[in-house]
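# Structural characterization, general
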Amino acid sequence: MPEPDTPAAPPTPDTCGEARGDTREGGEVPRRGADTSRGDTPGDDAAYPRADTARGDTPRAAPGRRGADTPHGDTPEAAPAYRHADTSPWDTPGAAPARRRAAEPRRAAEPGTGPARRDTPGPVLPYERADTPRRAAAEPPVTDLSDLPPVSWAARIAAVRPALALSAALALWAYAVRHTDVSRLDDLGLVTALHPAFWAGLAVLTVGFWCTVRGGRRGDLWPAAYVLGLLVMERATQAVLYPTPLYAWAWKHDAVVGHLLTAGRLQGADRLGDMAVYDQWPGFFAAQAALVRLLGVQDAAMYMAWWPLASSVLLLLPLLLVYRTFTEDRRLIWTAVWVFCVANWVGQDYFSPQSVAFALHLGVLAVVLRRYARTGGHPARRGQALWTVLITVLVAAIVVSHQLTPAMLVVSLIALAVTRRHRDWTPSATAVVVFLAWCLTAALPFLSAAMPELIRAVGDIGGNVEAGYGTTPTGTGALVSSWTARLLTASVLLLALAGAVRRKALRHRARPLLLLAAAPLPMFAAGSYGSEMIFRVLMFMLPGAAFFAAAALLPPVPAPAAAGTTAPRATPPRGARPALWVPLTALLAGTLAFVPSYSGKDRVSYFPPREVALVRQLFDQAPDGSLVVAANRNYPLALEAYWRTDHYWFLDDDRRHVDEILRDPATVLARDMAAVRPPARAYFLLTRGQMAHSAMNGPLDEPALRRVRDAVAASPRFAPVAENDAGVLYVLKPASREGDR
């Protein structure tokens, strides 16, 4: 006797605008087939199987043997994909294939009501339970578009809302860069020069991104488009506005590439002096020399203005792989990527070995986290040899390109290896062996000469920090930029701490990211790294810190309703709605704070075309063995042709000698330059970039350097060579060299 049928359960609606498959409050359901024996507990940001509750489907029963007897009244096993096409999913297992017949009449379709539907419930098959929701009968395909329900204007607007915000932001950015004048930068650099439309576009972009990741859309396309838009507005603005590349260090690296193209081989300290260090870590420069030849351009300066954008995009893939290791919540993944981009103000994305080495560093970590985790309490061995080869190649590329990144990688891999989840010493042993092999062979000459200084710096944490962040800038723009960057960094670290404390289950699952964020801290005791150790440590901490900072900004997703039930509509308590705007405000403030942190010193970093032309004129006419004397090295082409010319920056000298130069500039400088033998010549160069750097960072202000310039111009010992509004160039007369010797 068939039992009475029960109507299908109503569909379970999504809660709080979140799509199915995201995290639940207080924990997550692990992925089907996932191995939780690795220490992964059901918690934040793990995925759970998607139930087609919108169609009234019943969750599948536990899998069993095909053809096994199904007890009367139990829910049958879902039909596998390979079942014969003629077998209905409603047939009893083992029964002959048959199609279910319509046992009840259908009511006629009324105009405008769509296809006809079943009017009365059909009979219940013997194996079905009355309380089990049944799959709705398949409807005939729609052949007349008039039968489709009309789409509301609200739905249409919601579908294109991400495109509207992104397009508006990019349009405002394009308008701003067309109406921004960078010919007269003040102490705040690009901050005050930017058109107000830029700030409006950045705000629209941030709000649009937040609404997109918090809304019901769970795809990756729109968040990725917003992140790329952010990188364009952050990293491409300078390339569009400035006609020449930024940063004296980028010009220096271009000179190293030029040396490799000219010499065609590596050279030692006997020929290059201190610059031989770049020939002992030549990976990045050799690759750029090959790229210059491949592109057929004159030098790397033709494209290095766009390098910050290219290197930032290069970081996205390893970042996404690292974050997807610990969560499938796309809100958290893309918000963490956004936080990383706006907090990465350190400026190591310019044309440098560090920019590529950092991306390779993240690539190694992504492989280790995803392929070397223990499964079922045992190390994963499938395809391990292939991944070890890949890690070896990546580590070798890092080791031959940069001095500091291999050390950061080694401490990070060791920190992972001491945990139970990643207790596989193969990656860390590989990194140590490759690193030591290079240090004891190709890099040994430099390390032997620098070892006494390196040993003295070990353990001096206060001195190493003071040499970086602890220094006191002297200019107004430098103060604003420095303190904005400090507040931005402190805010991200505090948010990361709050996220780790607040999301207990996520903290357990993503514990390796916490270790990776803390692993670079011991490097403070290793040395100052040219007064930049604190900046490098912050950069290597940032991937883990950004992940937990994003977790602090996002609320956990409520648990989905059980099958066959209707989830109550989530309504925030009274007074809680203003709190929904707090994370957006924090994200917007951090995004806007990036600009002064990153571009607040553009007055120092930007060299106008006339300054570039003046310096190029110097090196075009300087004979081999010539000496270039300047206040500091902040000018373009500062080390152009360094293999055949010498350089002396008098502000880097002892303070007593600097005071002596200030008392009698022309006489003391002529004496310092008199040792040059003909046909070589001695030049004095003072440019706008040098004066801006000294005024912003010390030790002399612009009036003091102008007095030096005026004294040299009035001295009969010097002859003018070239002069424009960006600088002056003088040469020491041969008679003065003989008289002062």
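Our structure's up above, just so we're on the same page.
In what follows, the accompanying structure is described. Nothing here was measured: the structure is a model prediction, and the numbers come from that model.

### Looking at the overall build of the protein
Of the regular secondary structure elements, the protein holds 29 helices and 7 strands. The 741 residues of the protein split such that 47% are buried. Put simply, 74% of the contacts in the protein that link residues at least 6 apart link residues at least 24 apart.

### Remarks on the nonpolar core
Ranked by internal contacts, the top residues of the largest apolar core, which has 158 residues, are Tyr323, Trp338, Phe351, Val364, Leu513 and Phe547. Excluding residues that lie within four positions of it along the chain, Phe351 makes contacts with Ala250, His253, Asp254, Val257, Phe284, Gln288, Ala300, Tyr303, Met304 and Trp307. Of all hydrophobic cores here, the second largest spans 28 residues; its members include Phe650, Val668, Met691 and Leu732.

### Things to note about the packing of aromatic side chains
For the structure shown, the criterion picks out 19 aromatic pairs. Here Phe284 and Phe285 contribute two aromatic rings whose centre-to-centre distance is 5.4 Å and whose plane-to-plane angle is 80 degrees, an arrangement assigned as edge-to-face. A centroid spacing of 5.5 Å and a plane angle of 85 degrees characterise the contact between Trp307 and Phe351, whose relative ring orientation is edge-to-face. Of the two residues, Trp307 is situated in helix α9 (residues 307-314) and Phe351 in the loop between α11 (330-343) and α12 (353-371); the sequence distance between them amounts to 44 residues. Overall, the relative accessible area of 14% leaves Trp307 in the buried class. Residue Phe351 is classed as buried on the basis of its relative accessible area, which comes to 1%. Members of the aromatic cluster, each reached through a chain of ring pairs, are Tyr278, Phe284, Phe285, Tyr303, Trp307 and Phe351. Directly above the ring of Tyr598 sits Arg235, whose terminal nitrogen or CZ lies 5.2 Å from the centroid.

### Thoughts on the side chain of Thr237
Residue position: Thr237 is located in helix α4 (residues 221-241). Reaching out from Thr237, the side chain makes a polar contact with the side chain of Trp173 at a distance of 2.9 Å. Residue contacts for Thr237: discarding those within four places in its chain leaves Trp173, Val177, Leu190, Leu194, Phe198 and Val232.

### What to know about the pattern of salt bridges
For the structure on display, the rule yields 16 salt bridges. We note a salt bridge from Asp710 to Arg709, for which the minimum N-O separation is 3.5 Å. Taking the relative accessible area as the measure of exposure, Arg709 reaches 25% and is therefore partly exposed. Each of Asp187, Arg603, Glu702 and Arg706 takes part in a single network of salt bridges with overlapping partners.

### Quick notes on the packing of α11 against helix α21 (residues 533-553)
The contact between α11 and α21 brings their axes to 8 Å, and the two run at 125 degrees. Between α11 and α21, the angle is such that the two are oblique. As for how α11 packs across α21, the hand of that crossing is right-handed. Of the residues in α21, those in contact with Leu332, Thr335, Ala336, Val339, Phe340 and Ala343 of α11 are Leu542, Pro543, Ala546, Phe547, Ala549, Ala550, Ala551 and Leu553.

### A look at the environment of Leu360
Along the chain, the position of Leu360 falls in helix α12. Considering only alpha carbons, one finds Leu360 and Ile391, 31 residues apart in sequence, at a separation of 9.7 Å. In this view, Leu360 contacts Leu394, Ala397 and Ile398; residues no more than four positions away in its chain are not counted.

### Quick word on the environment of Val257
Assignment of secondary structure puts Val257 in helix α5 (residues 248-263). Looking at Val257, the relative accessible area reads 1%, which means it is buried. In this structure, the C-alpha to C-alpha distance between Val257 and Ala289, residues 32 residues apart in sequence, is 5.6 Å. Here Val257 is in contact with Phe285, Gln288, Ala289, Val292 and Phe351, once residues within four sequence places are set aside.

### Here's the deal with the side chain of Thr180
Assignment of secondary structure puts Thr180 in the loop between α1 (153-178) and α2 (190-193). A relative accessible area of 12% means that Thr180 is categorised as buried. A polar atom in the side chain of Thr180 sits 2.6 Å from the backbone oxygen of Ala176. Among all residues touching Thr180, those that are not within four sequence positions of it are Ala193, Leu194, His195 and Leu241.

### So, the sheet that holds strand β6 (residues 718-724)
Taken in spatial order, the 5 strands make up an open sheet running β4-β3-β5-β7-β6, and their pairing is mixed. In the strand order of this sheet, the two ends are held by β4 (646-649) and β6, each with one partner. For this sheet, the mean inter-axis angle between neighbouring strands, taken without regard to orientation, is 20 degrees. Relative to strand β5 (residues 682-687), strand β3 (residues 627-630) is paired through 4 bridges, and the arrangement is parallel. Of the residues in β5, the one forming a bridge with Val629 is Phe684. Sitting on the sheet, helix α24 (residues 609-621) is in contact with β3, β4, β5, β6 and β7 (727-732), with an inclination near 175 degrees to β5.

### Description of α11
For α11, spanning 14 residues, the distance from its first C-alpha to its last is 20 Å, which sits close to the expected 20 Å at 1.5 Å a residue. Here α11 lies mainly inside the structure; 13 of its 14 residues are buried.

### Re unusual backbone geometry
Note that the residue after Pro678, namely Pro679, is joined by a cis bond; omega there is 10 degrees. For Pro679, the position within the fold is in the loop between α26 (665-672) and β5. Backbone geometry places Tyr247, a non-glycine residue, at a positive phi of 75 degrees. For Tyr247, a relative accessible area of 18% corresponds to the buried category. Even without a glycine there, the phi angle at Leu637 is positive, about 55 degrees. Among the structural elements, Leu637 can be located in the loop between β3 and β4.

### Describing helix α28 (residues 702-714)
Over its 13 residues, α28 extends 18 Å from the first C-alpha to the last, a length consistent with the 18 Å expected when each residue adds 1.5 Å. All buried positions along α28 are accounted for by Glu702, Ala704, Leu705, Val708 and Val712. Along α28, the residues classed as buried sweep out an arc of 165 degrees about the axis, all on the same side. For α28, the exposed residues lying more than 90 degrees away from the buried face are Arg707 and Ala714. You can read the cap of α28 off the contacts: a side-chain oxygen lies 3.1 Å from the backbone nitrogen of Ala704, and it is on Asp701.

### Some words on the environment of Asp646
Secondary-structure assignment places Asp646 in strand β4. A relative accessible area of 48% means that Asp646 is categorised as partly exposed. On a C-alpha basis, the gap between Asp646 and Val628 in space is 6.3 Å, while along the polypeptide they are 18 residues apart. Those residues in contact with Asp646, other than ones at most four positions away along the chain, are Ser626, Leu627 and Val628.

### Here we look at the packing of helix α20 (residues 511-518) against α21
Viewed as axis vectors pointing N to C, α20 and α21 meet at an angle of 140 degrees, and their least axial separation amounts to 7 Å. Overall, the two elements α20 and α21 adopt an arrangement that is oblique. Like other packed secondary-structure pairs, α20 and α21 cross with a definite hand, here left-handed. Seen from α20, the contacting residues are Leu513, Leu514, Leu516 and Ala517; seen from α21, they are Phe540, Met541, Gly544, Ala545, Phe547 and Phe548.

About the criteria used
- Residues numbered from 1 in each chain as written.
- Predicted model: local features only at pLDDT ≥ 70, side-chain atom pairs only at ≥ 80, totals over all residues.
- Heavy atoms only, no water.
- Helix = DSSP H or I, 4+ residues; strand = E, 2+ residues; numbered from the N terminus.
- Buried < 20%, exposed > 50% of the residue type's maximum accessible area, 1.4 Å probe, protein only.
- Contact = heavy atoms within 4.5 Å.
- Core = buried A, V, L, I, M, F, W, Y, C linked by side-chain atoms within 4.5 Å.
- Phe/Tyr/Trp six-rings, centres within 6.5 Å; stacked < 30°, edge-to-face > 60°.
- Lys NZ or Arg CZ within 6 Å of the ring centre and 35° of its normal.
- Polar contact = N/O pair within 3.5 Å; in protein donor to acceptor, adjacent residues only side chain to side chain.
- Salt bridge = Lys/Arg side-chain N within 4 Å of Asp/Glu carboxyl O.
- Axes fitted to C-alpha atoms, helices over the stretch in contact; angles between N-to-C directions.
- Parallel < 35°, antiparallel > 145°, perpendicular 65-115°, else oblique.
- Left-handed = near helix turned anticlockwise from the far one by under 90°.
- Pairing = 2+ DSSP bridges.
- Expected span 1.5 Å × (residues − 1).
- Arc of directions from axis to C-beta.

Any functional reading would require information that these geometric values do not contain.
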